[in-house]
Amino acid sequence: MSSELLVDLSEDQTTAQLGHLKLTTLQDQEWPPDESTLRKSETDISQRFDASSPHLPWEHPFYDIARHQIIEVAGDDNFGRKVIVFNACRMPPQHQLDHHKLLMYLKGTLDQYVESDYTLIYFHHGLTNENKPSLSWLRDAYREFDRKYKKNIKALYIVHPTMFIKTLLILFKPIISFKFGRKLNYVSYLSELENVVKCEQLIIPARVKEYDNKLRASLKPTSQPPMSPLRSPPLPNQVFAVPLELLRKRSPDGDAVPVVMRDTISFLSEQGLEIEGIFRRSANVTLVKEVQLRYNSGEAVNFRDMEDVHLAAVILKTFLRELPEPLLTYQLYNDIVNFASVSSDSQVTVMKTLVESLPEENYATLRYLITFLAKVTANSDVNKMTNSNLAVVFGPNLLWGRDNAMSLSAIGPINNFTQCLLDQQHLVFA
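Thresholds applied
- Residues numbered from 1 in each chain as written.
- Predicted model: local features only at pLDDT ≥ 70, side-chain atom pairs only at ≥ 80, totals over all residues.
- Heavy atoms only, no water.
- Helix = DSSP H or I, 4+ residues; strand = E, 2+ residues; numbered from the N terminus.
- Buried < 20%, exposed > 50% of the residue type's maximum accessible area, 1.4 Å probe, protein only.
- Contact = heavy atoms within 4.5 Å.
- Core = buried A, V, L, I, M, F, W, Y, C linked by side-chain atoms within 4.5 Å.
- Pairing = 2+ DSSP bridges.
- Axes fitted to C-alpha atoms, helices over the stretch in contact; angles between N-to-C directions.
- Expected span 1.5 Å × (residues − 1).
- Right-handed = clockwise from strand over helix to strand, strands pointing away.
- Salt bridge = Lys/Arg side-chain N within 4 Å of Asp/Glu carboxyl O.
- Phe/Tyr/Trp six-rings, centres within 6.5 Å; stacked < 30°, edge-to-face > 60°.
- Parallel < 35°, antiparallel > 145°, perpendicular 65-115°, else oblique.
- Left-handed = near helix turned anticlockwise from the far one by under 90°.
- Nonpolar A, V, L, I, M, F, W, Y, C, P; charged D, E, K, R; others polar.

Novice: I'd like to hear about the overall build of the protein, residue by residue, with values.
Specialist: When helices and strands are tallied, the protein shows 20 helices and five strands. Each of the 430 residues in the protein was classed as buried or not, and the buried ones make up 55%. Here the contacts in the protein between residues at least 6 apart in sequence split such that 78% fall between residues at least 24 apart.

Novice: Can you tell me about the nonpolar core, naming the residues and giving the values?
Specialist: If you look at the biggest cluster of nonpolar residues, it comprises 61 residues, and the most contacted ones within it are L268, F279 and L373. When residues of this core are assigned to their parent elements, the largest contribution, nine residues, is made by helix α13 (residues 309-321). When neighbours within four sequence positions are excluded, L268 is seen to be in contact with L273, I278, F279, V309, A312, A313, L316 and F372. Judged by nonpolar contacts, the second largest core, of 36 residues, contains I65, F86, Y113 and L120.

Novice: Outline the sheet that holds strand β5 (residues 184-187), listing residues and values.
Specialist: Pairing is mixed across the open sheet formed by five strands, whose spatial order is β1-β2-β3-β4-β5. A single partner strand is all that each edge strand has here, and the edge strands are β1 (71-76) and β5. Strand-to-strand twist in this sheet, taken as the mean axis angle between neighbours without regard to direction, amounts to 20°. Of the strands in this sheet, β1, β2 (82-87) and β3 (118-123) are in contact with helix α3 (residues 99-111), which crosses β1 at around 15°.

Novice: Break down helix α8 (residues 206-217) for me, citing the residues and quoting the values.
Specialist: With 12 residues, α8 ought to run about 16 Å at 1.5 Å a step, and its terminal C-alpha atoms sit 16 Å apart, in line with that. Among the residues making up α8, those that are buried are A206, R207, V208, Y211, D212 and R216. Structurally, α8 contributes buried residues whose contacts are with β3.

Novice: I'd love a proper account of the pairing of β2, names of residues and values included.
Specialist: The buried fraction of β2 amounts to six of the six residues, a majority that puts the element mostly inside the structure. Residues of β2 alternate between two faces, with K82, I84 and F86 on one and V83, V85 and N87 on the opposite face, all of them buried. Bridge count between β1 and β2: four bridges; the pairing is antiparallel. Bridging from a neighbouring strand, D76 pairs with K82 of β2. Counted along the chain from β1 to the antiparallel partner β2, the turn is five residues long, and its residue G80 has a positive phi close to 85°. Bridge count between β2 and β3: six bridges; the pairing is parallel. The residue of β3 that forms the bridge with N87 is F123. Once you follow β2 into α3 and on to β3, the crossover reads as right-handed.

Novice: Account for the environment of G126, with residues named and values stated.
Specialist: Within the element layout of this structure, G126 appears in the loop between β3 and α4 (135-144). On a C-alpha basis, the gap between G126 and R207 in space is 7.7 Å, while along the polypeptide they are 81 residues apart.

Novice: Give me unusual backbone geometry: which residues, what numbers.
Specialist: Even without glycine at this site, H160 takes up a positive phi of about 55°. With respect to the helices and strands, H160 occurs in the loop between β4 (153-159) and α6 (163-171). Taking relative accessible area as the criterion, H160 reaches 2% and is therefore assigned buried.

Novice: Hey, could you go over the pattern of salt bridges for me, with residue numbers and the actual values?
Specialist: Following the criterion strictly, the structure yields 14 salt bridges and no others. Among the ionic pairs, R216 bridges to D212, the shortest N-O distance being 3.4 Å. Here R216 and its partner D212 are both found in helix α8, four residues apart, which amounts to about one turn of the helix. Residue D212 is classed as buried on the basis of its relative accessible area, which comes to 4%. The partner of E356 in a salt bridge is K352, with the nearest N and O atoms 3.3 Å apart. Residue E356 and its partner K352 are both found in helix α15 (residues 347-356); the two are separated by four residues, about one turn of the helix. Given the relative accessible area of 46%, E356 is considered partly exposed. Classification of K352 by relative accessible area gives partly exposed; the value is 23%. The network of salt bridges with common partners includes D117, K154 and R281.

Novice: Quick one: what's the story with the packing of aromatic side chains, residue by residue and with numbers?
Specialist: Taken as a whole and judged by the stated rule, the model has eight aromatic pairs. Look at F279 and F372: their rings are 6.2 Å apart centre to centre, the planes differ by 75°, and that puts the pair in the edge-to-face class. With a gap of 93 residues between them, F279 in the loop between α10 (259-271) and α11 (285-296) and F372 in helix α16 (residues 360-378) connect regions that are remote in the sequence. The pair F279 / F372 is uniform in exposure class, with both members buried.

Novice: Could you give me a rundown of α16, with the residues and numbers involved?
Specialist: With 19 residues, α16 extends 27 Å from end C-alpha to end C-alpha; this agrees with the ideal 27 Å at 1.5 Å per step. Taken together, the buried positions of α16 are occupied by E361, N362, Y363, T365, L366, L369, I370, F372, L373, V376 and T377.

Novice: Lay out the packing of α10 against α16 with the relevant residues and their values.
Specialist: Orientation of α10 relative to α16, taken along the N-to-C sense of each, is 10°, at an axis distance of 11 Å. In terms of orientation, α10 lies roughly parallel with respect to α16. At the point where α10 passes α16, the crossing takes the left-handed sense. Contacts between α10 and α16 involve M261, R262, I265, L268 and S269 from the first element and T365, Y368, L369 and F372 from the second. For the contact of α10 with α16, a count of residues per class yields six nonpolar, two polar and one charged.

Just geometry here; none of it tells us what the structure is for.
Next comes the structure, spelled out in structure tokens:
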């Protein structure tokens, strides 16, 4: 959770009372296994939370934290911000978890994204008297998280809040800043998250889904919250969430690079290269949806009329993220995740072989994007976007697993591959 909530608690009567607040009681003692048990390679993370680090070996000091999948990264939300997920139900009993390591692990995850706007989603169900962290841990967390972690968190969503979490926040409301209070949101049902992020890109634990279903079942029919919306069939001129192959067939000139990519990159090449933090800021969600609707309705979009660099940047990232299959394709997923094992002498050859195996429209689009990002990096003294920073932003938008979520195990390898591709683009696409 955000450090602005983790106040410096003292061991007074109020603290003692908080420590005895009853938490969620549904199936507290059962600890059923979650349905998304992952292989060892999928529960590793990069060694120093660094884009160039290999997978964690089982003997790594953070392996015992990573394997519980308490913290995950789930791509971008509907505003173009990275989504960090904290699953309380995956925290084992207190004696089985080193909470100091958990705090360091959380910091290491956030360190990759705190320079950009980001969203934190906290699934509260499953936090019990057996696995809740101590109040001294909250104090430590408060001291560890400084301003850089607070500055760019744009929203904290607490899903399935209980009386415990609400009471905690009420008691310390005088300490929580008004500015942060506006970032805090309670989410009663999973369907409400659709306004923030596409739920299919989240790996929501089975216990959380079951609890959400029980909450729904307990309501009167007239009080039922709306279900998550079903995907509507594509519009005749739709360009978002449409395969690249189909977009190419629809294109009047048969251009392999989609019109959204050409429009956004053309505008950003003219007006965005010297904007500090380009690709790190979010955009007005109403404008994002309006632009998407215009594209999907077959209308022309001119970003020069809107003069909003961050809007164009978010539209570019959103287009890539909403592709039915990632630009780098599922077929290359294993090769890219294991790319760190390739010797440095062979990396360019391997990358060249991989990208040239892509479908023609994927290759053309990737080359168009990477060529543009090279221009962004050339201005990194001004815009602060180095290849390493761009890899953190674009890696998760170029490749993800078939479940649409990004496990921490894949973040390092995918970002590493993306950075290598940017570093060596003049050779790979020669």
